[in-house]
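Fold and contact review
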Amino acid sequence: MNCAQAHSKNLQKGGKKEMKYVLVTGGVVSGLGKGVTASSIGLLLQACDLRVTSIKIDPYLNTDAGTMSPFEHGEVFVLDDGGEVDLDLGNYERFLDIKLTRDNNITTGKIYQYVIDKERKGDYLGSTVQVVPHITDAIQDWIERVAAIPVDGKEGSPDVCVIELGGTIGDIESMPFIEALGQFSYRVGAGNFCLIHVSLVPVLNVVGEPKTKPTQHSVRKLRSLGLTPDILACRSTTELDVSLKEKLSRFCHVPLQNIVSLYDVPNIWHIPLLLRDQKVHESILKTLNLLSVVRKPALGEWTAMAQRCDMLHETVRVAMVGKYTGLSDSYLSVLKALLHASVACRRKLVINWVSATELENSTALESPDVYKAAWNSLKAADAVVVPGGFGDRGVEGKIIAAKYARENEIPYLGICLGMQIAVIEYARSVLGLQNANSTEFDPETKNPCVIFMPEGSKTHMGGTMRLGSRKTYFHVTDCKSAQLYGNQSFISERHRHRYEVNPDMVSQLEKSGLSFTGKDETGQRMQIVELASHPYFVGVQFHPEFKSRPRKPSPLFIGLIASACGQLDTLLKKNVGVKVNNGYTNNNNNAIGKGVSGLSPHHRYGNVKVNVNVNVKNGLHV
């Protein structure tokens, strides 16, 4: 009997497979990195040859994350089935290389809507509908149902479900979920439930030593609500010493070997290794009665990748031109996709954050220094990315950035709105249509390059966009994007948009040199646009960042970084974009090659004063 057969047999009870659950909660403050911790735990268990799925619980009343501002909650992550979910599900998919569904994100809004719909149909047979038991039972039923859905492309249900409870213990919004999860731990029985509590151990500058009292109070609150932690994961700036762990063990009633130190690391890929080195997998597996039937975690490839990332010194600088630049989580998946591609190209990623509005002429009049700094940041970059967004603020600045990249032959990748503004800019500058625009920004424009999609809703915002995985067919076989995707006839990528390129203007644009290389199955919707005469000028209506993985970077992001580093010709000649899995390059995390250094904009424009924000941070949020 091999390892997989052994642990599969161990999960059987009375002929039925028993699901194992790992719950991750947070205490003291939000933003500790529960999502990365939950993802790392999942990866660690996966490395032990267990099949893992994930659920994120968000206690807000929104049905989903689709209508939330990026400033409120970071980016909206889109799944294959069109689910608009919390960004932590992006972490789960990237770390575990799985495909989740909209039901893997539970919100208060979803649960209450489900219960109210049942009440309206009379399913409760006249009972007074209450939080306990109706809401709490609905939560438990939802978890059990979704945990059984395979997410790794294999048949049969997963072995372990990692559940992350959003927010902080003590939040009023979380109370129904806390009660439900307390009941759930008894429902599934001993040996099938493990609770990991992530808490802050701050170091006060005045005292200069870690303080355990906040964590003590957090654990006490958790216990008072009916949940007892099996493992305590302590977030801190530095590694906790043994005496501090002993103190936490004594006051929090958690075994010493189950006190884990999650200290700041160079990049988040080290977190699974931190957990492994402290034998967290053994503590989890022991709690779940799996210790004797699974292998030791195999993380050799992951370790090499994390170490390679730390060793990179030669930089590639990318200008991120957007409207939500004040919160990096607004573009989290784009940042991760750029990182994946940069590591594959053996370059250290540096982000120049450029607020689109600061590139506009109005800023030059109002704040000349801000305007100059923004332009210095843009000119200092080796590549330009204009990500998606909504609303007219900063649009003119994005158009200016696209024009700058096009005219100066700087590698450019426009995503969603970034593609649309590239088309608008081309129509204005090359076709001479000065009033060309999107009807999103100018409903009365005489030259509507971008129009509202016919099937879209103008009265309801939530869930009414073109969402989820859609096919794109290549209409030009020798274009860069087709080559990067391995010369496939079509690809599947995730969409999130209400507007599209006006098909009535496509012929005019293509005659002037712009090439729409990828279209939908009807041939009427433009999905990919390229400029053949440019080293790398690509716009896509979809969001390739959502399917990028650390060990399988997105082809379009690799193309961008490779072009910025002078490696694109070599990359295309090697044809690394082989047809595997979801159509992405499968380079097993091997670097593309050293290539040759590209002609950096530093040389193009001489010495410029650069005001940049570098994406080098310590901690779990990198």
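In case you missed it, the structure is sitting above this.
This is a predicted model, so every value here is computed, not measured. (Residues numbered from 1 in each chain as written. Predicted model: local features only at pLDDT ≥ 70, side-chain atom pairs only at ≥ 80, totals over all residues. Heavy atoms only, no water.)

**Describing the overall build of the protein**
Across its full length, the protein holds 22 helices and 23 strands. Taken across its 622 residues, the protein has 58% of its residues classed as buried. The long-range share in the protein, meaning contacts at least 24 apart out of those at least 6 apart in sequence, stands at 75%. For the protein, the exposed surface amounts to about 24900 Å²; the carbon and sulfur share of it is 50%. (Helix = DSSP H or I, 4+ residues; strand = E, 2+ residues; numbered from the N terminus. Buried < 20%, exposed > 50% of the residue type's maximum accessible area, 1.4 Å probe, protein only. Contact = heavy atoms within 4.5 Å. Areas by Shrake-Rupley, 256 points an atom, 1.4 Å probe, with all protein chains shown as cover.)

**Description of the packing of helix α5 (residues 108–121) against helix α6 (residues 131–147)**
Each pair of packed helices gets described by two things: the angle between the helix axes and the distance between those axes. At a minimum axis separation of 10 Å, α5 and α6 run at an interaxial angle of 115°. The angle between α5 and α6 falls in the class roughly perpendicular. Of the two elements, α5 crosses α6, and the hand of that crossing is right-handed. Judged by residue contacts, Lys 110, Ile 111, Tyr 112, Tyr 114 and Val 115 of α5 engage Val 131, His 134, Ile 135, Ala 138, Ile 139 and Trp 142 from α6. The class makeup of the residues in the contact of α5 with α6 is nine nonpolar, one polar and one charged. (Axes fitted to C-alpha atoms, helices over the stretch in contact; angles between N-to-C directions. Parallel < 35°, antiparallel > 145°, perpendicular 65-115°, else oblique. Left-handed = near helix turned anticlockwise from the far one by under 90°. Nonpolar A, V, L, I, M, F, W, Y, C, P; charged D, E, K, R; others polar.)

**Details of the side chain of Glu 493**
Inspection of the secondary structure puts Glu 493 in strand β19 (residues 490–497). The side chain of Glu 493 sits in the buried core without any salt bridge; Lys 547 is the nearest counter-charge, 4.8 Å away. There is a polar contact of 2.7 Å between the side chain of Glu 493 and the side chain of Tyr 485. (Lys, Arg positive; Asp, Glu negative; His and termini not counted. Salt bridge = Lys/Arg side-chain N within 4 Å of Asp/Glu carboxyl O. Polar contact = N/O pair within 3.5 Å; in protein donor to acceptor, adjacent residues only side chain to side chain.)

**What about the nonpolar core?**
If you look at the biggest cluster of nonpolar residues, it comprises 98 residues, and the most contacted ones within it are Val 22, Trp 269, Ile 284 and Leu 338. Counting residues per element, this core draws most heavily on helix α13 (residues 332–344), which supplies eight residues. Those residues within four positions of Ile 284 in sequence are excluded, and the remaining contacts are Val 22, Ile 41, Leu 45, Cys 194, Ile 196 and Ile 231. Among the nonpolar cores identified, the runner-up in size contains 44 residues, and Ala 319, Met 419, Ala 427 and Phe 516 belong to it. (Core = buried A, V, L, I, M, F, W, Y, C linked by side-chain atoms within 4.5 Å.)

**Overview of the sheet that holds strand β3 (residues 20–26)**
Taking strand neighbours across the sheet as the criterion, the seven strands line up as β7-β4-β8-β3-β9-β10-β11 in an open arrangement whose pairing is parallel. Two strands close off the open sheet at either side, each with one partner strand: β7 (105–107) and β11 (259–263). Strand-to-strand twist in this sheet, taken as the mean axis angle between neighbours without regard to direction, amounts to 20°. Of the pairings in the sheet, the one linking strand β9 (residues 193–200) to strand β10 (residues 231–236) comprises five bridges and is parallel in character. Considered in β10, the bridge of Ser 199 is made with Cys 234. Across the sheet, helix α7 (residues 175–188) touches β3, β4 (52–58), β7, β8 (160–165) and β9, and the angle it forms with β9 is around 145°. The strands touched by helix α9 (residues 242–252) are β10 and β11; relative to β11, the strand with the most contacts, the crossing angle is about 130°. (Pairing = 2+ DSSP bridges.)

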